[in-house]
Structure formats: C-alpha cells, structure tokens
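The residues making up each chain are set out below.
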Amino acid sequence: QKYMLPKSYSLCNSVISVPLWWVVTMKSTSYIFFLLLFSFYADALPLPEAKFKNAEDIDSLRMFNQLAKQNLKTSPEKSIFYAEAALKLAEKLNDNYEKTQAWLSLGMAYDVKKEFGIALTYYEKSLPGYETESDTNVMAYLYMQVGRLSTKFGKYQKAELLFNKALSVNKR
C-alpha cells in the first residue's frame, strides 16, 4: 500500500479541520517569524560596555571571564570583548589566575573565528598559568590545541611533543 498524505489536519482532536498545506505553512511562517523577532531583539540588546567601564573589583573580573566563556560559540566577538576587559582588569588587580583564564578565552574565541595564529599565541600564553595551578584537564586540552594548531603551521615535531604531553598529563 502507498502512504497517502491526509488532505486535512485536525487541530487538538477537535472537529475543526484545516487543509494540511495551511498547517505546514503556518507552522513554518510562525517559526520563522519568532526566530527573526528574537534574533533582532537579541541584537538590539545593548552590550553592557558602559555599565562595566568602571568595574575594578574581583567580582567584575570573574564576571568578565564568565561572560567571555558563555559567548564563545554564539558570539566570538563578544567573547573577545569580555576577555580583553578581563585581561585589563586582571593586570590591574595583579590576578594571574584570572589573567590566564582570559588568555584561554581569547585563544578559544580566535580559534572559533579561525584566526589560528592569534589563537595559538593566546593558548601558549595561558599554558604556563595552568601548569602552575596543576589543572591537568585544562593542561591536556591546551597541549592538544597548541599541538593541533602547530600542525596547521607545519610544526609537526612540536605538535608530536605536545600530543605526547597531553597523553602523559591524562595518565596522571
């Protein structure tokens, strides 16, 4: 038997029936309308730059780093903005751990943007800070990322060394 599409669609199991093409069209149109509405709304939201210009405490610094991480996939530009703000504040407050986190966020954001040279620089800057903290998960991640990007630039021996380091860190 051939499968036949119904000519009408019953809404909410009621007696009201409408043509199937109308339901499909309205669902698609509604979805597109709401998608566009929310995307314009999200873009219209002001960045909190003005609000944070005078931020000078550790809570603001942590918030900047958190916002940088949250925006990595959806908006690498916003991530870069927040990570740079965190970096400036971390330098001002002399907080090496938060500075290291800001460098990592910058590396990840530039990696998402496919600006691999800049990403590699920030990954390499953040690595010593995580080695000092003995954060083995992040160290392994960074060794893998620096190794991966090193292969893009033809530095295969360096990449092999870093991949082996990532393996040894994971064994601990």
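Cut-offs applied
- Residues numbered from 1 in each chain as written.
- Predicted model: local features only at pLDDT ≥ 70, side-chain atom pairs only at ≥ 80, totals over all residues.
- Heavy atoms only, no water.
- Helix = DSSP H or I, 4+ residues; strand = E, 2+ residues; numbered from the N terminus.
- Buried < 20%, exposed > 50% of the residue type's maximum accessible area, 1.4 Å probe, protein only.
- Contact = heavy atoms within 4.5 Å.
- Axes fitted to C-alpha atoms, helices over the stretch in contact; angles between N-to-C directions.
- Parallel < 35°, antiparallel > 145°, perpendicular 65-115°, else oblique.
- Left-handed = near helix turned anticlockwise from the far one by under 90°.
- Nonpolar A, V, L, I, M, F, W, Y, C, P; charged D, E, K, R; others polar.
- Phe/Tyr/Trp six-rings, centres within 6.5 Å; stacked < 30°, edge-to-face > 60°.

*Asks:* Please clarify how the side chain of Thr100 should be interpreted in this entry.
*Replies:* Here Thr100 shows up in helix α5 (residues 96–112). Look at Thr100 and you get buried, because its relative accessible area is 5%. Residues within four places of Thr100 in sequence aside, it is in contact with Ser126, Gly129 and Tyr130.

*Asks:* Where do I start with unusual backbone geometry in this structure?
*Replies:* Glycine aside, residues mostly have negative phi angles, and peptide bonds mostly take the trans form. The residue Asn94 is not glycine, and still its phi comes out positive at about 55°. Along the chain, Asn94 turns up in the loop between α4 (76–93) and α5. For Asn94, a relative accessible area of 60% gives the class exposed. One non-glycine residue with positive phi stands out, namely Lys114, at about 65°. Assessed through its relative accessible area of 61%, Lys114 is described here as exposed.

*Asks:* Help me understand the packing of α4 against α5 in this model?
*Replies:* For the pair α4 and α5, interaxial distance at closest approach is 8 Å and the crossing angle is 160°. When the axes of α4 and α5 are compared, the pair comes out roughly antiparallel. Of the two possible hands of crossing, α4 and α5 adopt the one that is left-handed. Here Pro76, Ser79, Ile80, Ala83, Glu84, Ala86, Leu87, Ala90 and Glu91 of α4 come into contact with α5, specifically with Glu98, Lys99, Ala102, Trp103, Ser105, Leu106, Ala109, Tyr110 and Val112. Considering only residue class, the contact of α4 with α5 consists of 12 nonpolar, 2 polar and 4 charged.

*Asks:* What is the right way to look at the packing of aromatic side chains in this model?
*Replies:* The description of an aromatic ring pair rests on the distance of the ring centres and on the angle between the ring planes. Under the definition given, this model contains 5 aromatic pairs. Where Phe81 meets Tyr82, the ring centres are 5.2 Å apart and the plane angle is 70°; that geometry is what we call edge-to-face. Since its relative accessible area comes to 4%, Tyr82 is described here as buried. Ring centres of Tyr110 and Tyr122 lie 5.9 Å apart, and the angle between their planes is 10°; on these two criteria the pair is classed as stacked. One end of the pair, Tyr110, is in helix α5; the other, Tyr122, is in helix α6 (residues 116–133), and 12 residues separate them in sequence.

*Asks:* How should the environment of Lys171 be read in this particular structure?
*Replies:* Mapped onto the fold, Lys171 is located in helix α8 (residues 156–171). Given the relative accessible area of 72%, Lys171 is considered exposed. Sequence separation between Lys171 and Thr136 is 35 residues; the distance between their C-alpha atoms is 9.7 Å.

*Asks:* Please explain the packing of α5 against helix α7 (residues 136–152) as it appears in this structure.
*Replies:* For any two helices packed against each other, the geometry is given by the interaxial angle and the distance between the axes. α7 packs onto α5 with a crossing angle of 40° between their chain directions and a minimal axis gap of 12 Å. Taken together, the axes of α5 and α7 lie oblique to each other. When you trace α5 past α7, the crossing you get is left-handed. Contacts between α5 and α7 involve Leu104, Met108 and Asp111 from the former and Val138, Tyr141, Leu142, Gln145, Arg148 and Leu149 from the latter. When grouped by side-chain class, the residues that make up the contact of α5 with α7 number 6 nonpolar, 1 polar and 2 charged.

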